[in-house]
Amino acid sequence: MHPFTKDVAGICGEDVSTLVLDPDEQAPARARRFVAERFAAWEVTDDHNGQVIVSELVTNALLHGEGPIVLRVFRDERDGLPTIEVWDGGAGRPVVRQESLTSIGGRGLLMVAALALDWGTRPLVEGGKLTWAKCGL
């Protein structure tokens, strides 16, 4: 496990928004729109980091996961900060790769780690995995 990866996600209250995405090339764009709408409803004026984070997490689920992608967005009831969760049915867990000047990919989780206040991943009891990230306001 990479040192950035933690196993503790936020605690969600009643205001949870969920979107089930087909695993297709439209999924990241739909996820960005969903996060933008949710953040706007919470009057979060800067949703850029949230959109980048959800785009990366959904793209990883699309490329490396299996089955439908479940996106949940909520405010952590401990601190009120927006939290993004992405679930997929794939068995593997996300891995932060070493930075490489020659690689054309593999920087998504490095970006998530840089933009999120906290993030992590954990296996789901029913199979698959959940990757989460907490955003600032």
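Use the structure listed above.
Read on for an overview of the structure. Please read these numbers as outputs of a predicted model, since none were measured by experiment.

### Topic: the pattern of salt bridges
Piece 1. Summed over the entire model, instances satisfying the criterion amount to six salt bridges.
Piece 2. As a salt-bridge pair, arginine 78 and aspartate 76 come within 2.7 Å of each other at their nearest N and O atoms.
Piece 3. Put simply, aspartate 79 and lysine 134 hold a salt bridge, and the shortest N to O gap is 2.8 Å. Placement of the pair is aspartate 79 in the loop between β2 (69-76) and β3 (82-88) and lysine 134 in strand β5 (residues 129-134), with a sequence separation of 55 residues.
Piece 4. Classification of lysine 134 by relative accessible area gives buried; the value is 11%.
Piece 5. Here the salt bridges share partners, and the residues they tie into one network are Asp76, Arg78, Asp79 and Lys134.

### Regarding the side chain of threonine 121
Piece 1. Within the fold, threonine 121 resides in strand β4 (residues 118-123).
Piece 2. Of note is the side chain of threonine 121, whose polar atom sits 3.1 Å from the backbone oxygen of leucine 130.
Piece 3. A polar contact of 3.4 Å, which involves the side chain of threonine 121, links it to the side chain of threonine 131.

### Considering unusual backbone geometry
Piece 1. Of note, the phi angle at glutamate 43 is positive, near 60°, even though the residue is not glycine.
Piece 2. Secondary-structure assignment places glutamate 43 in the loop between α1 (27-41) and α2 (48-64).

### Section: α1
Piece 1. Relative to the 21 Å expected for 15 residues at 1.5 Å per residue, α1 spans 21 Å between its end C-alpha atoms, a close match to the ideal helical length.
Piece 2. Positive phi appears at glutamate 43, one or two residues downstream of α1, with a value of about 60°.

### Description of the nonpolar core
Piece 1. By size, the foremost hydrophobic cluster in this structure holds 25 residues, and its most contacted members are Ile53, Leu57, Val58, Leu71, Ile84 and Val86.
Piece 2. Elements that contribute at least two residues to this core include exactly α1, α2, β2, β3 and α3 (108-115).
Piece 3. Those residues within four positions of leucine 57 in sequence are excluded, and the remaining contacts are Ile84, Val86, Leu109, Val112, Thr131 and Ala133.

### Concerning the packing of α2 against α3
Piece 1. Relative orientation of the contacting elements α2 and α3 amounts to 150°, with a least axis distance of 9 Å. As judged from the angle between their axes, α2 and α3 are roughly antiparallel. Taken as a pair, α2 and α3 cross one another with a handedness that is left-handed. Touching Asn49, Val52, Ile53, Glu56, Leu57 and Asn60 of α2 are Gly108, Leu109, Met111, Val112 and Leu115, all from α3.
Piece 2. For the contact of α2 with α3, the residue count by class is seven nonpolar, three polar and one charged.

The rules we used
Residues numbered from 1 in each chain as written. Predicted model: local features only at pLDDT ≥ 70, side-chain atom pairs only at ≥ 80, totals over all residues. Heavy atoms only, no water. Salt bridge = Lys/Arg side-chain N within 4 Å of Asp/Glu carboxyl O. Helix = DSSP H or I, 4+ residues; strand = E, 2+ residues; numbered from the N terminus. Buried < 20%, exposed > 50% of the residue type's maximum accessible area, 1.4 Å probe, protein only. Polar contact = N/O pair within 3.5 Å; in protein donor to acceptor, adjacent residues only side chain to side chain. Expected span 1.5 Å × (residues − 1). Core = buried A, V, L, I, M, F, W, Y, C linked by side-chain atoms within 4.5 Å. Contact = heavy atoms within 4.5 Å. Axes fitted to C-alpha atoms, helices over the stretch in contact; angles between N-to-C directions. Parallel < 35°, antiparallel > 145°, perpendicular 65-115°, else oblique. Left-handed = near helix turned anticlockwise from the far one by under 90°. Nonpolar A, V, L, I, M, F, W, Y, C, P; charged D, E, K, R; others polar.

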